[in-house]
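Fold and contact review
Letter by letter, the chains look like this.
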Amino acid sequence: MTSPVKLRVRGVSVSYPVDGQPREVLTPVDFECREGEFVCLLGPSGCGKSTLLNVIGGFLAPTRGQVLIDGQPVTRPDPRRIFVSQERGVFPWLTVEENIGFGLSDWPAAQREQRVEHYMTMVGLAGSARAYPSELSGGMKQRLELARALAVNPDMLLLDESFNALDAITRHTLRQELLRLWTAERKTILFVTHDLDEAVQLADRVLVMSARPGRIQRVIAIDLPHPRDIASLEYLQYRRQLLDELGLAHRI
Ligand SMILES: Nc1ncnc2c1ncn2[C@@H]1O[C@H](COP(=O)(O)OP(=O)(O)O)[C@@H](O)[C@H]1O
Ligand SMILES: [Mg+2]
């Protein structure tokens, strides 16, 4: 791929104080994402994936190193880069449709309504337009968060295990929808997951992270066109390569 570099992560490390002592959870991490690339960060629970995404999103200052987006150092969150987290949550005092339309307050009412409707339907929440988040299941809240993020058309999406709380079918639908959007709009997507299949299904490149302290252990380019045939030999070979990389046995 020859598009310009969108994101540069340079020597980023993070330590948290534990019992008064700094404990390193991320050792220097270096990588780049090109504009329009779909990159998955794959690694075991606790390896620092959310920490890294928080640094990239400007929510957490790294202990050392620097993140550059479009050549500019990241120092705080920016609405052009939308972060969809596991826990950050939606606004509890707004309804589903108000949540999705939140970032669109400058839009003419008719267009805003249309866009809200589009994304609400896309994530299967059209029947809950007037509901408040407290009335939604965890999975519905996560779909709402995704719809809200997509509605404002950010140029970069930072997704942190966003599909985890979803049932298998919804999860599959949203993966397809995300790929469709990505193909149509070519956003740069950084997608954190601990699900190997999710990574092989979605990514241009998978950055495999090691257990804590996290570092990038291997970068694997998934050179398969979309839609991917998850029963094909090539798919299974990539899957096996990632299993090996994560140190998981092939047989149980
Ligand atoms: N605020 C914090 N203070 C101390 N330790 C933290 C804090 N946040 C995360 N950690 C620790 O840092 C490590 C990485 O966490 P995290 O980035 O959430 O991993 P992942 O998202 O890969 O599961 C974990 O061991 C976690 O316990
Ligand atoms: Mg996490």
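What counts, and at which threshold
- Residues numbered from 1 in each chain as written.
- Chains lettered and ligands numbered in written order.
- Predicted model: local features only at pLDDT ≥ 70, side-chain atom pairs only at ≥ 80, totals over all residues.
- Heavy atoms only, no water.
- Helix = DSSP H or I, 4+ residues; strand = E, 2+ residues; numbered from the N terminus.
- Contact = heavy atoms within 4.5 Å.
- Domains from an automatic or database assignment.
- Buried area = accessible area lost by both parts, 1.4 Å probe.
- Salt bridge = Lys/Arg side-chain N within 4 Å of Asp/Glu carboxyl O.
- Pairing = 2+ DSSP bridges.
- Axes fitted to C-alpha atoms, helices over the stretch in contact; angles between N-to-C directions.

Under an unreviewed UniProt entry, the chain has the name ABC transporter related protein and belongs to Melittangium boletus DSM 14713.

**Overview of the side chain of Ser-162**
Along the chain, Ser-162 falls in the loop between strand S7 (156-160) and helix H5 (168-185). Those residues in contact with Ser-162, other than ones at most four positions away along the chain, are Val-84 and Gln-142.

**Some points on the domain arrangement of the chain**
Many authors give the size of an interface as the accessible area that is lost as the parts come together. Taken domain by domain, the chain holds domain 1 (5-80 + 154-245) and domain 2 (91-153). Distance between the C-alpha centres of domain 1 and domain 2: 25 Å. Note on domain 1 versus domain 2: buried area summed over both sides is about 1100 Å², and carbon and sulfur give 70% of it. In this assembly, domain 1 and domain 2 are joined by zero salt bridges.

**Quick word on the sheet that holds strand S1 (residues 5-18)**
The antiparallel open sheet is built from four strands, whose spatial order is S2-S1-S4-S5. A single partner strand is all that each edge strand has here, and the edge strands are strand S2 (21-34) and strand S5 (72-73). In this structure, S1 lies alongside strand S4 (residues 64-69), joined through five bridges in antiparallel fashion. Within S4, the residue paired with Val-9 across the bridge is Val-67. Helix H1 (residues 49-56) contacts S1, S2 and S4 of the sheet and is inclined by roughly 120° relative to S1.

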